[in-house]
Amino acid sequence: MLNITLPDGSVRQFVDGATGYDVAAAISEGLARNAVGVRVDGEVRDLHRPIEHDAQVAILTWNDADGKMAFWHSSAHVLAEALEALYPGVKLGIGPAIENGFYYDIDLGEGRTISSEDFPEIEKKMLELARQKSKFERRAVSKADAIAYFTEKADPYKLDLLERLDDGTITFYQQGNFVDLCRGPHLPDTANIKAVKLLNIAGAYWRGDEKNKQLTRIYGITFPKAKELTEYLEKLEEAKRRDHRKLGKELELFAFSDKVGAGLPLWLPKGTMLREKLEQFLRRAQIKAGYQPVVTPHIGSKELYVTSGHYEKYGADSFQPIKTPNPGEEFFLKPMNCPHHCEIYKTKPRSYRDLPVRLAEFGTVYRYEQSGELHGLTRVRGFTQDDAHIFCRPDQVKEEFTKVIDLVLYVFRALGFQDFTAQISLRDPENKAKYIGSDENWDKAEQAIIESAAEKGLTTVTELGEAAFYGPKLDFMVRDALGRKWQLGTVQVDYNLPERFDLEYVAPDNSRQRPVMIHRAPFGSLERFVAVLIEHCAGNFPLWLSPEQFAVLPISEKYHDYAQQVYDRLMGAELRGAVDHRDEKIGRKIRDAEVSKVPYMLIVGEKEQENGIVSVRKHGEGDVGSMPIDSFIKSFESQVAAMMDGAAG
RNA sequence: GCCGUUUUAGCUCAGUGGUAGAGCACUUCCUUGGUAAGGAAGAGGUCAUGGGUUCAAAUCCCAUAAAUGGCUCCA
């Protein structure tokens, strides 16, 4: 007999050889019908695989993340089966499930191509195969048999995969006539796959190595219900509507020009207003937090980067040096601000009493990103970091880290980013040699990060081996309203640059000590931050940031004078906006203001002029009634203040 | 950087080898209108750039650039 413990803690008994399906069926018929897999003592397995011993068992359905993975992984096999049917001789690479769907890498062979125009036919074939309700059958095979099978099939990629697998761990899965090397687990059968959509097609190197052959990767997604596919596609449409590249153009925030150069954004007046408000906001917060603003040039001599080590590592792949009339003299556009800041630190001897020294700069840096990597404002070749470097004693690292986290949280709250996680990147304990800095300091810094993150109650994930070679770091990952993940703020401990620049402070015993350096940027870069902010709020910026906070809309030309009076009053109170003087009807002016996402529309006509009031309309909400101009200003100001107080609390 | 796709008016996009189009935006005129598009007329294009094929190229071919979806990279 098998004792099966269910997630609710109850224990049920089953005959030997019982499967996950039997367990599901014993719980309810509906569960058995919807089950896609089973978790046995933490291991996700096929529903119909016998459970060998007493275990903790959870039935997985589409609603479990692991259930979705099995569902999509199985869908990838169906895609492969369809491709084999439609494109005989196709060679298969790998076909895993991913966060949203699955893909399969294929090699069509010389001269054959496939494009998104072929998708409908492939989708049709996949649905046809799915309807056959083929069982996914698992079988263990010996390495020799596996090699024989794929040699016979002349599938070089599977053979390559097999080379790295050990005998005894190899399993095949078969549905219909299609056999694939696969660890599983899979769905019981193909019938659950009711809706199929192939999404896009792309090149991908075999094993992710650009020295290898490039395969064709087909991305797709499947669902157990057609309705869910429709909803997913609607979500994609919504993401497109929020795309910062689209909104940036529509709202006239930024632009690019071939003549200026790829990846070099031009900030238009409205975008610049937004950006300056963000800068102003952070500048103030940083002054309060004890930072000292500094300004450094956009270029630095080659020597600076030889010292920092960046020349050796990135010199060849950077913007190439700027030459001068002096032979041999070379300058680089600065790819980061830290070397300059190190030189500021070195302008005078520092006492342990002076530390920490916090140098802050909105520093614009230039990096020659690969052409294929450029993407709107999130990946550019010239961008401004809200950078600062904290030079402190090793015993101050933790306190400084905590303060930086406070600052980042303050910034995120003020901007409405509630859903974020913090990733702690530590060194690989197996391979300590590849990191610079003493063991003792690393331990101290890693502890400092872990503890301060815990004290601040951050939701963290810890990644071993993800630290930079010069120090551990903490990155803030923000999810936008659609659940997409972005890396914004970062805090990094650095033992390398203080060493390379020979930074020192005088300790109480008069000895020379090495300070620790902390790089930090709450926004990361203004460019990426604005991009994420745009997508996060779909272009409806918080009132205090909105480039245009109001639009005065006169009913007709007769009220232009009064409109101007209203405008002057608001500008006097330091609100931002404009009067719509066009010869258009009020409906049209309202529509245009709504479309351009102006938070407040102030409609003025005869009534308003006579009574010294404005008729207020709120973006997305409509008419909110009329009030004296001063009341509007007061209510406006209290709203802005509330946003800032909320952030501080 | 690599693979695929795309590039036509300020914007969004039609146009499959034979006289360059639409809607919106813009200009002018009419209209002075009360909470999401008033009407009319006009102006606006080296069809990304450079080569080639052809009697003839926005259209077919090649190269370059940029954008875009991925891959690789990211101080």
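Whatever comes next refers back to the structure up there.
Conventions adopted
Residues numbered from 1 in each chain as written. Chains lettered and ligands numbered in written order. Predicted model: local features only at pLDDT ≥ 70, side-chain atom pairs only at ≥ 80, totals over all residues. Heavy atoms only, no water. 1 Å grid on protein atoms, 1.4 Å probe; cavity = no way out; pocket = protein on both sides within 12 Å on 5 of 7 lines; lining within 4 Å. Points joined across faces, edges and corners; volume = space filled by probe spheres on them. Helix = DSSP H or I, 4+ residues; strand = E, 2+ residues; numbered from the N terminus. Nonpolar A, V, L, I, M, F, W, Y, C, P; charged D, E, K, R; others polar. Core = buried A, V, L, I, M, F, W, Y, C linked by side-chain atoms within 4.5 Å. Buried < 20%, exposed > 50% of the residue type's maximum accessible area, 1.4 Å probe, protein only. Domains from an automatic or database assignment. Disulfide = S-S within 2.5 Å. Phe/Tyr/Trp six-rings, centres within 6.5 Å; stacked < 30°, edge-to-face > 60°. Lys NZ or Arg CZ within 6 Å of the ring centre and 35° of its normal. Axes fitted to C-alpha atoms, helices over the stretch in contact; angles between N-to-C directions. Parallel < 35°, antiparallel > 145°, perpendicular 65-115°, else oblique. Contact = heavy atoms within 4.5 Å. Near = heavy atom within 4 Å. Polar contact = N/O pair within 3.5 Å; in protein donor to acceptor, adjacent residues only side chain to side chain.

K.L.:
Which residues make up empty space enclosed by the protein, and what values go with them?
P.N.:
The tally for this structure, following the rule as stated, stands at 1 cavity of 30 Å³ or more. Its boundaries defined by the atoms lining it, the largest cavity holds a volume of some 30 Å³. Sort the elements by how many residues they give to the lining of the largest cavity and helix α14 (residues 439-455) lands first, with 3 residues. Looking at the lining of the largest cavity residue by residue, the class counts come to 5 nonpolar, 1 polar and 1 charged.

K.L.:
Could you give me a rundown of the nonpolar core, with the residues and numbers involved?
P.N.:
Counting residues in hydrophobic clusters, the biggest one holds 82 residues, and the most contacted among them are F412, L415, L474 and F476. Considering every element that reaches this core, the biggest residue donor is helix α13 (residues 397-414), with 10 residues. Looking at which domains feed residues into this core, each of domain 3 (270-298 + 334-537) and domain 4 (550-648) gives three or more. Core analysis: the second largest hydrophobic core is formed by 38 residues, V36, F102, L187 and F223 among them.

K.L.:
Tell me about the state of the cysteines, and name the residues and values.
P.N.:
Considering all chains together, one arrives at 0 disulfides under this definition. As a non-bridged cysteine, C338 has C342 as the owner of its nearest cysteine sulfur, 6.6 Å distant. By relative accessible area, which is 6% here, C338 ends up buried.

K.L.:
Tell me about the packing of aromatic side chains, and name the residues and values.
P.N.:
The tally for this structure, following the rule as stated, stands at 30 aromatic pairs. In this structure, R217 packs its charged tip against the face of Y103, placed 3.7 Å from the ring centre. A cation sits over an aromatic face here: R381 above Y368, 4.0 Å from the ring centre.

K.L.:
Kindly report on the packing of helix α9 (residues 269-288) against helix α16 (residues 526-537), identifying the contributing residues and their values.
P.N.:
The geometry of α9 relative to α16 is characterised by a closest axis approach of 11 Å and an angle of 110 degrees between their N-to-C directions. With respect to α16, the axis of α9 lies roughly perpendicular. Facing L274, R275, L278 and E279 of α9, the residues of α16 in contact are L526, E527, F529 and V530. Counted by class, the contact of α9 with α16 contains 5 nonpolar, no polar and 3 charged residues.

K.L.:
A description of the protein's contact with RNA strand B should follow, citing residues and the corresponding values.
P.N.:
The immediate surroundings of RNA strand B are formed by 51 residues, with Q214, E373, D583, R588 and S615 found nearest. Expressed as a percentage, the sugar and phosphate content of the atoms of RNA strand B within 4 Å of the protein is 47%. K249 is positioned with one of its side-chain polar atoms (N or O) 3.1 Å from a phosphate oxygen of RNA strand B. The contact in question runs from a sugar or linking oxygen of RNA strand B to an N or O atom on the side chain of R617, over 3.1 Å.

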